[in-house]
Amino acid sequence: MVLIAPSLLSADFTRLEEAVRLIEEAGADIVHVDIMDGHFVPNLTIGPRVVELLKSKTRLPLDVHLMVDTPSAVVPWFLDAGADWISIHAEASPHLHRDIAVIKNAGRKAGVALNPATPLAALQEILRDLDFVLLMCVNPGRGSQPFIEASREKIRALRRWRDDLGLGRPWIEIDGGVNLSNLNDLAGDGAEVFVAGNAVFNAPDPREAVRQMRAAARQAGTP
Ligand code: DX5
Ligand code: ZN
């Protein structure tokens, strides 16, 4: 399982329809949509109305990453908007179990996101309930930041943990600073879903960037 998930955060927000079409044509697997509330992270992006409109413009699953302080308040909005995957931050939710259940009961893929300094131990009691874990490899809030190298050990540790339990899930999604140069190594570490904003939308040829990232991830031999 190897999925390339271009992040619209680095796309032109006045031309999001073109952006989703472009990545769809180039062979992207899912569309990563960053929702920021100006509190959990010092930035604001888009809300459920835009997600709903994007949903009508692409057949790719929408992977909605909620960087918000009160996920329980907004998860229903994004379910209604048609989000296919939803991740909520462990740091933001005192009721992770309930929030994840709401997403799963709606028949969508549910994930927990962890900031770089949040230990994997935060997943201890919920790991088996998750479809995916989103490991932040930069501090969330903006695109184009350098990959935090310590994230590699965290990816490997999560993969070991899952393998030791004999589980095929949660899938391991990584977000922040992923590019064509480090993707191979990160796939080798055990990551399976690769979010990339800057490396796709700021590339000279975004279509080619998606194609190359797909090829590189496959080559790394991730099952
Ligand atoms: C960062 C977002 C990321 C961002 C990654 O807060 O969660 O999804 O788009 O961007 P790059 O790939 O540019 O690091
Ligand atoms: Zn993200």
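Thresholds applied
Residues numbered from 1 in each chain as written. Chains lettered and ligands numbered in written order. Predicted model: local features only at pLDDT ≥ 70, side-chain atom pairs only at ≥ 80, totals over all residues. Heavy atoms only, no water. 1 Å grid on protein atoms, 1.4 Å probe; cavity = no way out; pocket = protein on both sides within 12 Å on 5 of 7 lines; lining within 4 Å. Points joined across faces, edges and corners; volume = space filled by probe spheres on them. Helix = DSSP H or I, 4+ residues; strand = E, 2+ residues; numbered from the N terminus. Nonpolar A, V, L, I, M, F, W, Y, C, P; charged D, E, K, R; others polar. Donors = N, O, S within 2.8 Å, 3.2 Å for Na, K, Ca; no water. Tetrahedral: all angles 85-135°; square planar, octahedral: opposite > 155°, others 65-115°. Buried < 20%, exposed > 50% of the residue type's maximum accessible area, 1.4 Å probe, protein only. Salt bridge = Lys/Arg side-chain N within 4 Å of Asp/Glu carboxyl O. Near = heavy atom within 4 Å. Polar contact = N/O pair within 3.5 Å; in protein donor to acceptor, adjacent residues only side chain to side chain. Areas by Shrake-Rupley, 256 points an atom, 1.4 Å probe, with all protein chains shown as cover. Sits in = over half its atoms within 2 Å of the grid points. Core = buried A, V, L, I, M, F, W, Y, C linked by side-chain atoms within 4.5 Å. Contact = heavy atoms within 4.5 Å.

All right, on to the layout of surface pockets then. In this structure, the largest pocket spans a volume of roughly 310 Å³. As for the largest pocket, its lining consists of 27 residues, and the residues nearest its centre are G143, S144, G176, G177 and G197. Contributions of two or more residues to the lining of the largest pocket are made by β2 (31-36), β3 (62-67), β8 (193-196) and α7 (198-201). In the lining of the largest pocket, the residues fall into 12 nonpolar, 12 polar and three charged.

Ideal donor angles around a metal are set by the shape: a four-donor tetrahedron calls for 109.5 degrees, a six-donor octahedron for 90 or 180 degrees. All of the protein donors around the zinc ion (ligand 2) are H32 (NE2), D34 (OD), H65 (ND1) and D175 (OD); their distances to the metal are 2.1 to 2.3 Å. Angles of 71 to 171 degrees at the metal separate the six donor atoms of the zinc ion (ligand 2), which places the site in the octahedral class. All donor residues of the zinc ion (ligand 2) come from one chain, and their arrangement in sequence is H-x1-D-x30-H-x109-D. Residue H32 is located in strand β2, and its partner D175 is located in strand β7 (residues 171-175); the two are separated by 143 residues in the primary sequence. Residues H32 and D175 agree in their burial class; the two are buried.

On to the pattern of salt bridges, then. Using the criterion set out here, one finds 19 salt bridges in the structure. Taking the shortest distance from any N to any O, the salt bridge between E25 and R207 comes out at 3.2 Å. Taken together, the residues span a long stretch of sequence, with E25 in helix α1 (residues 16-26) and R207 in helix α8 (residues 206-219) at a distance of 182 residues. We classify R207 as partly exposed; its relative accessible area is 31%. With its nearest N and O atoms 2.9 Å apart, the salt bridge here joins E192 to R162. With E192 in the loop between α6 (183-189) and β8 and R162 in helix α5 (residues 151-164), this residue pair connects regions lying 30 residues apart in the sequence. The exposure classification of E192 matches that of R162, with both residues buried. Salt bridges sharing common partners tie together R152, E153, R156, R160, D185 and D189.

Here the focus is the site of ligand 1. Taken together, 20 residues lie near ligand 1, and S7, G141, S144, D175 and G197 sit nearest. Note that an oxygen atom of ligand 1 is positioned 2.7 Å from one of the side-chain N or O atoms of S7. Within the side chain of H65, one N or O atom sits 3.3 Å away from an oxygen atom of ligand 1. When isolated, ligand 1 has an accessible area of 380 Å², and the protein chains bury 99% of it. In this structure the site holding ligand 1 corresponds to the largest pocket. Listed by contribution, the elements that provide at least two residues to the shell around ligand 1 are β2, β3 and β8. Element by element, the count of residues in the shell around ligand 1 is highest for β2, at three residues.

As a further point, take the nonpolar core. If you look at the biggest cluster of nonpolar residues, it comprises 64 residues, and the most contacted ones within it are L8, L66, L123, I174 and F194. Looking at this core, the element that brings in the most residues is α1, giving six residues. Every residue in contact with F194, bar those within four places of it in the chain, is listed here: V2, L3, I4, A5, I174, V178, L183, L186, A187 and A217. Counting residues in hydrophobic clusters, the runner-up holds eight residues, among them A5, F132, W171 and V195.

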